[in-house]
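This is what each chain is made of:
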Amino acid sequence: MTRIAAVHGALAPHRHTQSEITDMVARTCLPPGADRRVLDRLHRGAKVSSRHMALPLERYEELDGFGAANDAFITAATDLGAKAVRAVLQMAGLPAADVDLLIFTSVTGIAVPSVDARLAVRLGLRPDVKRLPLFGLGCAGGAAGLARMHDYLLGRPDHVAVLLSVELCSLTFQRNDASMANLVATGLFGDGAAAVVAYGAGRPDETIGPTIVDTRSHLYPDTGRVMGWDIKSSGFQVVLDPKIPDVVRRYLADDVEGFLSDHNLKPKDVTAWVCHPGGPRILHAVTETLDLPDGALDVTWRHLADVGNLSSSSVLHVLRDTLAERHPPPGTPGVLLAMGPGFACELVLLRW
């Protein structure tokens, strides 16, 4: 099995209250003099109190087009990513030269060379480090990244792998776009990063951390337009179908129950649920369809309120906080889950 040695979460440098961000969105997305009551209602309904952003608020009103936003992404993602990887390696007690694989996931900007390549020299990684940049997985990217890390370490059990997620969602907000999808997204998503160090089973160490037992992916049929981007000259225009909670209710319980049954487990055996904070309606759907006990998703709800939805980074922040605060009984099962464009679900079975 793969052992998780360290998990670190980082946040973008500029923190603002939800009301401050709502005022900025009103200025940049609504027509002059427009009624903003719908915007205010949507932002209140997100249950987010504050968020971190890559740029000062006034800079968002100056960004003109995809090129400017993406240039800002490359600079900020490289800086925040370097901070997250340095911190997680320090937590694991490892020099950068020990890293054999660097996985990078993001869905909020593009770069060639990729961000992981830009970080390799900056962090002092070996020239022969293997790199795996992942794009397009959206909110599921953190869970999928853990799964691909596990796949790699099964084949290279003496290796060390690092997963880095950086999501700067604020740089995808669309100016002059008063669509419901854009207004919802501008009230929900924030900016942050997360990094994970994991060892293969063949590497001797005394790290105390959870192990990855198994993973599963499920790509749902006829859901390609439920979530994603439409790529425009202005950048990434969000696609968010209000029926996402219905998709969760239709598929998730069978996915989780089937996954657990392969290991002679049932949902009631799970001692901690590490769930991506997709938004209030999605979290209610997850709780209902899995029949979770009261408080099972408290860490996720608090993460949503404190910093918003960080796309692929969020589930890794929730993992970090679960380890620090919930202290699941050693040897018991945990489930990490996230959903994203495709529409797809990623499941990771953990042993605490």
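Keep in mind that this is a model prediction, so the values were computed, not measured.

## Let's talk about the domain arrangement of the chain
For the chain, the domain assignment lists domain 1 (2–199) and domain 2 (211–351). Put simply, the middle of domain 1 and the middle of domain 2, counted by C-alpha atoms, are 18 Å apart. Listed per partner, the contact involves 57 residues of domain 1 and 43 residues of domain 2. Of the roughly 3800 Å² buried where domain 1 meets domain 2, counting both sides, 66% is carbon and sulfur surface.

## Digging into helix α8 (residues 244–261)
Spanning 18 residues, α8 covers 26 Å between terminal C-alpha atoms, matching the ideal 26 Å at 1.5 Å per step. At tyrosine 251, α8 is deflected by roughly 40°, the largest bend along its length. Among the residues of α8, those classed as buried are Ile244, Pro245, Val247, Val248, Tyr251, Leu252, Ala253, Asp255, Val256, Phe259 and Leu260.

## As for the packing of aromatic side chains
Following the criterion strictly, the structure yields five aromatic pairs and no others. Between phenylalanine 135 and phenylalanine 236, the ring centres sit 6.3 Å apart and the planes meet at 40°, which makes this aromatic pair tilted. Residue phenylalanine 135 is located in strand β5 (residues 130–135), and its partner phenylalanine 236 is located in strand β10 (residues 235–240); the two are separated by 101 residues in the primary sequence. Classification of phenylalanine 236 as buried rests on a relative accessible area of 4%. Taken together, the ring pairs connect Phe66, Phe135, Trp229 and Phe236 into an aromatic cluster.

## A word on the side chain of asparagine 70
Inspection of the secondary structure assignment puts asparagine 70 in helix α4 (residues 65–92). On the basis of relative accessibility, which here comes to 12%, the residue asparagine 70 falls in the buried class. Residues in contact with asparagine 70, not counting those within four places in the same chain, are Gly109 and Ile110.

## Re the environment of threonine 300
With respect to the element layout, threonine 300 can be found in helix α10 (residues 298–307). When the C-alpha atoms of threonine 300 and glycine 279 are compared, they prove to be 9.8 Å apart, with 21 residues separating the residues in sequence. If near-sequence neighbours (up to four positions away) are discounted, threonine 300 is found in contact with Cys275, His276, Pro277, Leu283 and Val318. Among the polar contacts listed, one links the side chain of threonine 300 to the backbone oxygen of cysteine 275, at a separation of 2.8 Å.

## Some remarks on empty space enclosed by the protein
A complete count under the given rule lists one cavity of 30 Å³ or more for this structure. In this model, the largest cavity occupies a volume close to 40 Å³. Forming the boundary of the largest cavity are Ala272, Trp273, Ala296, Val299, Thr300, Thr322 and Arg326. Residue assignment for the lining of the largest cavity shows that the elements contributing at least two residues are β11 (272–275), α10 and α11 (314–326). Counted by class, the lining of the largest cavity contains four nonpolar, two polar and one charged residues.

## A closer look at the pairing of β10
Two strands pair when backbone bridges link them, and strand β9 (residues 227–232) and β10 are joined in this way by six bridges, in the antiparallel orientation. Each residue of the ladder has a partner; that of isoleucine 231, found in β10, is phenylalanine 236. Adjacent in sequence and paired antiparallel, β9 and β10 are bridged by two residues.

Conventions used here
- Residues numbered from 1 in each chain as written.
- Predicted model: local features only at pLDDT ≥ 70, side-chain atom pairs only at ≥ 80, totals over all residues.
- Heavy atoms only, no water.
- Domains from an automatic or database assignment.
- Contact = heavy atoms within 4.5 Å.
- Buried area = accessible area lost by both parts, 1.4 Å probe.
- Helix = DSSP H or I, 4+ residues; strand = E, 2+ residues; numbered from the N terminus.
- Expected span 1.5 Å × (residues − 1).
- Bend = angle between axes of the 7 residues up to and from the residue.
- Buried < 20%, exposed > 50% of the residue type's maximum accessible area, 1.4 Å probe, protein only.
- Phe/Tyr/Trp six-rings, centres within 6.5 Å; stacked < 30°, edge-to-face > 60°.
- Polar contact = N/O pair within 3.5 Å; in protein donor to acceptor, adjacent residues only side chain to side chain.
- 1 Å grid on protein atoms, 1.4 Å probe; cavity = no way out; pocket = protein on both sides within 12 Å on 5 of 7 lines; lining within 4 Å.
- Points joined across faces, edges and corners; volume = space filled by probe spheres on them.
- Nonpolar A, V, L, I, M, F, W, Y, C, P; charged D, E, K, R; others polar.
- Pairing = 2+ DSSP bridges.

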